[in-house]
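In case you want the letters, here they are:
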Amino acid sequence: MNTKNKGNLAKILCILIGVAMLAVDMFAFVGCTKNSESTLSPTPTEAVVDNKPNTDVATNTGAAPETGTETGSQTGSETVTTGGEDVDTLYPVNACESIFGTRLCENFADDFYVGTCVSYSLTQNETATKVIVEQFNSVTCENEMKPDHLLDKTASKLNGEITVKFPNDTVSMLNWAKDHNLKMRGHTMVWYSQTPNWIFYEDFDTSKSLVSREVMLERMESIIRQEFEYVQENYPDMFYAWDVCNEVIADEGGLRDCLWKQTIGDDYIEQAFTFARKYCGDIKLFINDYNCYVGNKRTTLLSVVKDLAEKGLIDGVGMQSHLDVGYPSVGLYTATMKMFAAFGVEVQITEMDITTDNKTEKGLNVQGQMYGDIMKQVVDWDRDGTVDCTSVTIWGLYDKISWRSSQVPTLFDNIMLPKPAYNALMEITKG
Ligand code: 9MR
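Remember, it's a predicted structure, so these values are computed and weren't measured experimentally. (Residues numbered from 1 in each chain as written. Predicted model: local features only at pLDDT ≥ 70, side-chain atom pairs only at ≥ 80, totals over all residues. Heavy atoms only, no water.)

J.: Explain the nonpolar core to me, using residue names and the numbers behind them.
T.: Grouped together as the largest cluster of nonpolar side chains are 112 residues, with contacts concentrated most on Phe228, Trp260, Phe273, Ile287 and Leu397. If near-sequence neighbours (up to four positions away) are discounted, Ile287 is found in contact with Cys245, Val248, Ile269, Phe273, Leu301, Val304, Val305, Leu308, Ile314, Gly316, Val317 and Gly318. (Core = buried A, V, L, I, M, F, W, Y, C linked by side-chain atoms within 4.5 Å. Buried < 20%, exposed > 50% of the residue type's maximum accessible area, 1.4 Å probe, protein only. Contact = heavy atoms within 4.5 Å.)

J.: Give me the packing of helix 13 (residues 295–310) against helix 14 (residues 330–341): which residues, what numbers.
T.: Here helix 13 crosses helix 14 at 25 degrees, and the two axes come no closer than 10 Å. By the angle between their axes, helix 13 is roughly parallel relative to helix 14. For the element pair helix 13 and helix 14, the recorded crossing hand is right-handed. Residues Arg298, Leu301, Leu302 and Val305 of helix 13 pack against Leu332, Thr336, Met339 and Phe340 of helix 14. The residue makeup of the contact of helix 13 with helix 14, split by class, is 6 nonpolar, 1 polar and 1 charged. (Axes fitted to C-alpha atoms, helices over the stretch in contact; angles between N-to-C directions. Helix = DSSP H or I, 4+ residues; strand = E, 2+ residues; numbered from the N terminus. Parallel < 35°, antiparallel > 145°, perpendicular 65-115°, else oblique. Left-handed = near helix turned anticlockwise from the far one by under 90°. Nonpolar A, V, L, I, M, F, W, Y, C, P; charged D, E, K, R; others polar.)

J.: Outline helix 9 (residues 168–179), supporting the account with residue identities and numerical values.
T.: Here helix 9 contains 12 residues, and its C-alpha end-to-end distance of 16 Å stays within 8% of the 16 Å for a straight helix at 1.5 Å per residue. Regarding helix 9, the residues found buried are Thr170, Met173, Leu174, Trp176 and Ala177. Along the long axis of helix 9, the arc covered by the buried residues comes to 155 degrees, so they all point the same way. Exposed and facing more than 90 degrees away from the buried side of helix 9 are Asn168 and Asp179. (Expected span 1.5 Å × (residues − 1). Arc of directions from axis to C-beta.)

J.: Could you give an account of the pairing of strand 9 (residues 389–394), with specific residues and numbers?
T.: For a regular strand, side-chain orientation follows a simple rule: the groups alternate between the two sheet faces. Summarising burial for strand 9: 6 of the 6 residues are buried, a large majority. Pairing analysis gives 4 bridges linking strand 1 (residues 113–118) to strand 9, with the strands arranged parallel. Following the sheet pairing, Thr116 is matched in strand 9 by Ile394. As defined by bridge partners, strand 8 (residues 346–355) adjoins strand 9 across 4 bridges and the pair is classed as parallel. Counterpart to Val347 in the pairing with strand 9 is Cys389. (Pairing = 2+ DSSP bridges.)

J.: Outline the confidence of the model for the protein chain, listing residues and values.
T.: Interpretation of the predicted coordinates at a detailed level should be avoided for regions scoring low in pLDDT. On average, residues of the protein chain carry a pLDDT of 83, and 77% of them reach 70 or more. When mean pLDDT is compared element by element in the protein chain, helix 12 (residues 268–279) scores highest at 99, while helix 2 (residues 37–40) scores lowest at 24. This stretch, residues 1–7, has a pLDDT under 50; its non-local contacts, to residues over four places away or in other chains, come to 4 contacts. (pLDDT = per-residue confidence, 0-100.)

J.: How would you sum up helix 6 (residues 126–135)? Please name residues and give values.
T.: In terms of burial, helix 6 is a largely internal element, 7 of the 10 residues being buried. Taken together, the buried positions of helix 6 are occupied by Thr127, Ala128, Thr129, Val131, Ile132, Glu134 and Gln135. Its side-chain oxygen at 3.0 Å from the backbone nitrogen of Thr127, Asn125 defines the N-terminal cap of helix 6. (Polar contact = N/O pair within 3.5 Å; in protein donor to acceptor, adjacent residues only side chain to side chain.)

J.: Could you give an account of the pattern of salt bridges, naming the residues involved and the relevant values?
T.: Throughout the structure, instances matching the rule amount to 18 salt bridges. The residue Arg383 makes a salt bridge to Asp111 at a minimum N-O spacing of 2.9 Å. Of this pair, Arg383 sits in helix 15 (residues 361–384) while Asp111 sits in the loop between helix 4 (104–107) and strand 1; the two residues are 272 residues apart in sequence, bridging distant segments of the chain. Residue Arg383 is classed as partly exposed on the basis of its relative accessible area of 35%. Judged by relative accessible area, Asp111 falls into the buried class, the value being 12%. In this structure, Asp399 engages Lys419 in a salt bridge whose closest nitrogen and oxygen atoms are separated by 2.8 Å. Remark: Lys419 occurs in the loop between strand 9 and helix 16 (420–426) and Asp399 occurs in the loop between strand 9 and helix 16; sequence separation between them is 20 residues. The same class applies to Asp399 and to Lys419, which are both buried. (Salt bridge = Lys/Arg side-chain N within 4 Å of Asp/Glu carboxyl O.)

Now the structure itself:
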């Protein structure tokens with residue numbers, strides 16, 4: 001029996017066991033699974049609520065842009081609820097030596113890293129870990145390396161200077177990635193959202209005044225230095241790219257207004273990359289955004305990237321790529337990628353997901369086709385040198401835990417089985 005047939009047999013076995021266990025669960029015999037996730041995870045209801053802060057996101061039809069941002073800006077929130085990690089406990093962990101018999105990342109091994117985002121709970125789950133390690137060779141913390149997770153207010157006040165502290169859940173995730181030989185993308189340093197307000201105020205006290213440009217520049221440098229130093233010391237060579245600035249362009253074009261810009265000034269992006277360049281070692285520096293292909297937003301992003309590239313401050317552009325089957329067209333999306341590549345920088349697809357409201361077999365095939373068409377073009381261009389794509393990350397391991405779960409945007413369905421989208425990527429052959 002050849003490898004492919006073995007893989008298919010393993011897959012069928014998994015599906016049969018999965019279905020059988022699903023039936024068992026319906027009669028409430030839940031104690032038979034090996035996973036301990038149920039005690040760690042929120043209930044499915046909580047999960048859906050927690051993972052969807054942006055219920056007002058557009059559905060990306062017609063000219064509606066990709067969304068992917070939250071409405072709140074710097075809220076000062078000091079906790080992050082990752083939520084949504086209700087990993088299905090029914091899936092057979094040890095039933096098959098190889099879960100699917102094929103490896104997505106192997107298909108693109110000569111081209112770029114293939115990643116997924118992970119939450120703390122996901123990394124605690126045996127099934128999810130097995131699928132991730134089999135299918136992907138790169139991961140991004142979905143929330144656990146964002147500013148509100150790493151910036152420690154108590155320590156900052158105590159020390160009288162901005163203090164970065166990698167909390168236990170983040171450290172556990174980094175250890176998990178290291179133990180499984182996964183590479184990581186850092187996400188993210190300078191962002192208008194999920195960034196506590198107190199970092200911008202005198203004495204880290206929001207009842208006082210905003211600090212001066214000089215003080216904020218010192219704080220910015222310190223944050224960037226501490227983050228890079230921590231990972232270089234504890235996880236050398238694990239991080240290959242970092243979103244230094246995230247979502248800095250306004251939806252209508254121009255720079256997004258935010259407290260970074262208000263305190264430092266319009267050059268805050270260049271300043272961030274200058275500091276990052278000083279401390280990053282071999283880690284590649286990225287500017288990351290959504291709707292990169294839309295009108296004035298694209299125009300501004302192109303000019304920011306061109307400027308940073310000419311100054312040698314940036315290594316690549318992260319196209320988040322929260323897409324929908326109705327928008328953008330594959331042509332518009334890939335043409336934009338080529339424009340960034342023309343500046344001589346790398347391009348990474350950093351948060352790819354493609355929503356669809358049509359969950360029928362036909363709808364999922366259309367979704368698969370779009371995943372496949374995009375990736376085929378990216379692979380072709382990467383191979384002929386038109387685009388230097390170095391990483392593709394899918395935002396969400398499987399539909400049930402996606403931030404847009406109701407529109408089933410990932411490669412794996414609600415019980416973590418491969419969808420047509422997965423198959424479409426596997427079908428892209430080596431040239
Ligand atoms: O997927 C993330 C979700 O769990 C969080 O609740 C949300 C809060 O901001 O952030 C999501 O990830 C975002 C990413 O960090 C930046 N680009 C848009 C992503 C989707 O909102």
